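Remarks on the overall topology
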Amino acid sequence: MSFDKKITRRAFIKTAAGGTLAAGLAAGTVSCGVNNEKRAASPTEAAADIKKIPTQCQGCGANRCGIYAYVKNGRLWKVEGNPRTYNNAGTVCPRGHAYIKELYNPDRIKQPLKRTPEGKYEPISWEKAIEEISTKLNLIIMDNSPQSVFWIQYPMANIPLAFRFMHALGSPNTITHGATCFTARNAAFNATIGGLPDNDLKNSRYIICVGRNPAAGVKLQQIKDIAEAKRQGARLIVLDPRHSETAAIADEWLAVRPASDLAFLLAMLNVIIEEGLYDHQFIDDHTIGFDRLRDEIATYPPEWAEKLCDIPKEAIYRVAREFASYKPRALIHRGYHGGYGAGYLNSFQTARTVAILNAVIGNYERVGGLFLPLKPTLGELEKGGHPAPNIPEVEKADGAGVPGRYPAASYSDGIAHAVPELALAGKLKAGFVYHMNPVRTNPNPERVIAGYRKLELLVTIDCVMSETAALSHYVLPESFFLERDDHVDTVHSGKVAELTVVQQVVKPMYDTKPLLDIITGLSKGLGIGKYFNFTMDELNALRLKPFGVTLEELKKEGVIEVGTRWEEGFKACKTPSGKVEFYSEQLSQWGLDPMPRWQAPLVSPDPNDKHSFRLLHGKQAIHTHSMTANNPFLMQLSIRYDMIRLWINRRRAEAINLKDGDTVLVESDIGKGLVRVRLTEGLHPSAVWMPSGYGIFSKYLTTAYGKGINYNDFLNTLFDPAVGHVMSNEIIVKVAKA
Ligand SMILES: Nc1nc2c(c(=O)[nH]1)N[C@H]1C(S)=C(S)[C@@H](COP(=O)(O)OP(=O)(O)OC[C@H]3O[C@@H](n4cnc5c(=O)[nH]c(N)nc54)[C@H](O)[C@@H]3O)O[C@H]1N2
Ligand SMILES: Nc1nc2c(c(=O)[nH]1)N[C@H]1C(S)=C(S)[C@@H](COP(=O)(O)OP(=O)(O)OC[C@H]3O[C@@H](n4cnc5c(=O)[nH]c(N)nc54)[C@H](O)[C@@H]3O)O[C@H]1N2
Ligand SMILES: [Mo]
């Protein structure tokens, strides 16, 4: 299947944003709810005091784009992209425009809450809540150990506060959502080049996306760069079982069988090596293990792969040769979640092969290839005389980074969905959930609920009553991002390194606090107050010190570039050998395959059962994970464009008497649910695909409640043996007319 479409900018934006109305939102700026352009300004508005304050968008935790927030007559009016930021350069996505309205969402939590024995929530003062939580936590630590306590959160810029807090208590158990998202990819790039590279999409001539869909798994800079590369004549190849929003703008869509990209990629490597199309100099100078790789890869020709991945051998030969012919200005996107982030038993091997394919054409640290992003090193609290707690010398309860358990797992991300299991086993007794909603975003909700319920103390810090908050003993409301001064952040880095900051735009509307105030309060009651003897301004000033930038300057500009820019040229990398490792001694020592090797998926649909499918999922451009479905503007788009549907291959659907729009019963071995179908030619026949932003079941989220279902309802509690990730696409479901 190949498309040779000329793509206009207009058409591009339309697809990228996921719909016509969404395109309007992405292309320009919209004011909140009212069309100000078409209405004559009232005398009060004309005289209005308008403030334009730079800050950072938090409509998804991932990109944290630079924005200007406009405040008019004391109310938030609209946002615009900060044109100077590397990540978004003047643009804001639909979520960014709409999410600001959460400030005024009546579902917000307005004061701290405590759960009653009947399961209701009653207001409690901050002082009382902090006192009760500290007292309870002290007892739990005395009765058990500090290691029975955990902290789990979205990996935001303020995560060092959580580390400090847990380490001061004596617990190593700080965890992020990584195992549900990207840890297979990270582990593979770490093993191969000692870090996670970025993509120089803009200057590339040949771009392959393997299950990476930046047009809906939005990263604005990447979409802009792909559009620019295409204007310059670059070719874009998309491997995806689904005709994704990025496939829609590609030169070629390869509808790979889910879970079998590894076969395609191994065969590409086979062709490049057998035909001598690799970069001989780069391999000689900067890599180890090439001869062993050559022997290993000889067994994977395209003739072998085509039967597994459903892509004809001719296409594999052609893509491999084209990819190598553009070296070093060709790349396979480093990926994110969908293709091999945490999806399959073979995700780690798939990501390893992606990392190695980029290396054999010598594209690391080259224009148009992959490069290790610049990351500014922030100043440290210790330099300002603030003591640091020691890192506890005990293993993490989840086994992350522990040989014999999950050796390739990231120590700092941990394994999110191990928390409920450890709670059920009595190993974790108390925990804090910050800016994360594991009860909705982790697999197997029944099990997650049972685990979190078993905890003797659960405290959730959120702005709304998420599914997780609605299970907690205490719910502490954080001020909304537009209401608080927060951390200096280094997320905007790539070929340039930038500092950004979250700052207060409007005064807090309710009795809420920023995270540092909450932790500082708790630390006093827990006898670790000496580790939190600073304010956010003091912390930020120290972090900025090495750059000669003041907090005032940063708050004025919103973004400041620091250090020198990226330059071409591979030096050394942070693997044990200092070279790119085709063969990894470290992996071998851990008992894992030292070289990529074909590995079948964990489960496969039954080819003789007309109702059996693999369940896939993915992002829509207008929603973030579980956190935007309750936004009335975004949910309205979902409804208007009929986006809450399960995609199914038309031929397969007709074989079981389904028509477009029919309601089906979807059933796996752990869950079932009803959803309407969307019949399409744009999906591999072996799979069904579900948008991942729905299925909210917290009754406190009044807009989202009860709309749609979610893939986690069907996903068993699984742990990849090497990395411990969720294997989120190893789900077989039966689909039948309801
Ligand atoms: N709008 C929006 N944007 C976001 C986010 C968000 O929540 N909403 N979150 C951010 C975050 S945290 C993430 S992780 C990224 C996710 O960014 P991506 O990983 O790009 O997005 P996904 O939608 O998870 O998956 C992309 C594609 O993978 C395909 N896929 C599934 N299985 C396979 C397979 O076996 N092989 C191949 N080749 N493809 C497969 C799916 O069909 C889907 O089209 O998005 C980021 N940006
Ligand atoms: N249902 C579902 N599950 C998923 C995914 C999905 O798309 N849908 N995607 C997978 C992927 S790729 C990822 S990365 C993970 C993400 O998993 P999570 O990190 O759990 O994702 P979110 O749904 O974004 O949860 C963020 C929570 O933070 C809250 N929040 C928002 N702003 C603030 C704030 O300023 N302060 C505080 N304290 N809280 C705030 C939101 O209300 C929400 O409850 O989920 C994985 N699992
Ligand atoms: Mo993610």
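Every value quoted in this text rests on a predicted model; they were computed, and no experiment measured them.

1. Side note on the environment of Glu-131
Within the element layout of this structure, Glu-131 appears in helix H5 (residues 126–143). Between the C-alpha atoms of Glu-131 and Pro-601, which are 470 residues apart in sequence, the distance is 50 Å.

2. A few points about the site of ligand 2
The full set close to ligand 2 counts 27 residues, and Thr-441, Asp-462, Glu-478, Ser-626 and Ser-692 are the nearest of them. Within the contact set of ligand 2, an oxygen atom lies 2.8 Å away from a backbone nitrogen or oxygen of Asn-437. In this structure, a nitrogen atom belonging to ligand 2 sits 3.0 Å away from a main-chain N or O atom of Ile-461. In isolation ligand 2 offers 920 Å² of accessible surface; the protein chains occlude 98% of this area. Among the secondary structure elements, those contributing two or more residues to the shell around ligand 2 are helix H16 (438–441) and strand E16 (457–462).

3. Thoughts on the side chain of Asn-82
Examined against the element boundaries, Asn-82 turns out to sit in the loop between strand E3 (75–81) and helix H4 (94–99). A distance of 3.3 Å separates a polar atom in the side chain of Asn-82 from the backbone oxygen of Glu-557. Residues within four places of Asn-82 in sequence aside, it is in contact with Gly-66, Ile-67, Tyr-68, Asn-88, Ala-89, Gly-90, Glu-557, Gly-558 and Val-559.

4. A word on the domain arrangement of the protein chain
Taken domain by domain, the protein chain consists of domain 1 (113–181 + 376–478 + 513–557) and domain 2 (602–737). Between the C-alpha centres of domain 1 and domain 2 there is a distance of 31 Å. Residue-level contacts link 29 residues of domain 1 with 24 residues of domain 2. Buried area between domain 1 and domain 2, both sides added, is near 2,100 Å², and the carbon and sulfur share of it is 61%. At the surface where domain 1 touches domain 2, the tally comes to 1 salt bridge. Measuring nitrogen to oxygen at the nearest pair gives 2.5 Å for the salt bridge that ties Asp-713 to Arg-440. Linking domain 1 with domain 2 are 14 residue pairs in polar contact (both at pLDDT 80 or more), by the criterion used here. Looking at the side of domain 1 that touches domain 2, the elements that each hand over two or more residues are helix H15 (418–424), H16 and helix H17 (445–454). Looking at the side of domain 1 that touches domain 2, its residues break down into 16 nonpolar, 8 polar and 5 charged.

5. What about the pairing of E16?
Of all 6 residues that make up E16, 6 are buried, and the element is covered over most of its length. Taking every second residue as pointing to the same face, both faces of E16 are buried, with Leu-457, Val-459 and Ile-461 on one and Leu-458, Thr-460 and Asp-462 on the other. As paired elements, strand E15 (residues 430–434) and E16 share 5 bridges and run parallel to each other. Each residue of the ladder has a partner; that of Gly-431, found in E16, is Leu-458. As paired strands, E16 and strand E17 (residues 474–477) are joined by 4 bridges and run parallel to one another. Of the residues in E17, the one forming a bridge with Ile-461 is Leu-476.

6. Considerations on the environment of Val-723
As for its position among the elements, Val-723 is in the loop between strand E26 (687–691) and strand E27 (732–737). Taking relative accessible area as the criterion, Val-723 reaches 1% and is therefore assigned buried. As a C-alpha pair, Val-723 and Tyr-406 span 317 residues in sequence and 5.4 Å in three-dimensional space. In contact with Val-723, other than residues within four places in its own chain, are Thr-183, Ala-184, Ala-187, Phe-348, Tyr-406, Ala-408, Ala-409 and Ile-415.

7. Side note on the sheet that holds strand E23 (residues 645–649)
The 6 strands lie next to each other as E22-E26-E23-E25-E24-E27, forming a closed barrel whose pairing is mixed. Averaged over all pairs of adjacent strands, the angle between strand axes in this sheet comes to 45 degrees, irrespective of strand direction. Here E23 runs beside E26; their pairing, made up of 2 bridges, is antiparallel. Its bridge partner being in E26, Ile-648 is matched across the sheet by Val-688.

8. Re the state of the cysteines
Here a disulfide denotes a covalent bond joining the sulfur atom of one cysteine to the sulfur atom of another. Across all of its chains, the model carries 0 disulfides by this definition. Take Cys-57: it sits in no disulfide, and the sulfur closest to it among the cysteines is that of Cys-65, at 6.0 Å. Since its relative accessible area comes to 8%, Cys-57 is described here as buried.

9. A look at the site of ligand 1
Taken together, 34 residues lie near ligand 1, and Arg-212, Asn-213, Asp-261, Gly-338 and His-623 sit nearest. Measuring from a nitrogen atom of ligand 1, one finds a side-chain N or O atom of Asp-261 at 2.7 Å. One nitrogen or oxygen atom from the main chain of Gly-338 is found 2.7 Å from an oxygen atom belonging to ligand 1. Coverage of ligand 1 by the protein amounts to 99% of the 910 Å² it exposes when considered alone.

Conventions and cut-offs
- Throughout, a residue's number is its position along its own chain's written sequence, starting from 1.
- Chain labels run from A onward and ligand labels from 1 onward, assigned in the order the entries are written.
- Predicted model: local features are reported for residues with pLDDT of at least 70 only, side-chain atom pairs are reported and counted for 80 or more only, and whole-chain, interface and lining totals are derived from all residues.
- Where side-chain values are given, they derive from all heavy atoms of the structure, hydrogens and water being excluded.
- In this description a helix means any DSSP run of H or I spanning at least four residues, a strand means any run of E spanning at least two, and both kinds are numbered starting from the N terminus.
- Throughout this document, a residue counts as near a molecule or strand when at least one of its heavy atoms sits within 4 Å of that molecule or strand.
- Residues adjacent in sequence count toward polar contacts only when both atoms are side-chain atoms; beyond that, a polar contact is any pair of N or O atoms within 3.5 Å, and within protein one must be able to donate a hydrogen and the other to accept it.
- Only the protein chains shown count as cover for residues, and all accessible areas are computed by the Shrake-Rupley method using a 1.4 Å probe.
- Residue contacts are defined here by distance: any two heavy atoms, one from each residue, within 4.5 Å place the two residues in contact.
- The source of the domain bounds is an automatic or database domain assignment.
- What gets called buried area is simply the loss in accessible area from a 1.4 Å probe that two parts show on being joined, summed for both.
- The rule for a salt bridge is simple: a side-chain nitrogen of Lys or Arg has to be within 4 Å of a carboxyl oxygen of Asp or Glu.
- Residue polarity is assigned by list, with Asp, Glu, Lys and Arg as charged and Ala, Val, Leu, Ile, Met, Phe, Trp, Tyr, Cys and Pro as nonpolar; anything else, Gly included, falls into the polar class.
- In this scheme, a residue with accessible area under 20% of its type's maximum is buried, one over 50% is exposed, and one in between is partly exposed, where area comes from a 1.4 Å probe on protein chains only.
- Note on pairing: DSSP must find at least two bridges between two strands before they are called paired.
- Here an axis means a line fitted to C-alpha atoms, over the contact stretch when the element is a helix, while the angle between two N-to-C directions is reported on a 0 to 180 degree scale.
- In this description, the term disulfide denotes a pair of cysteine sulfurs within 2.5 Å.

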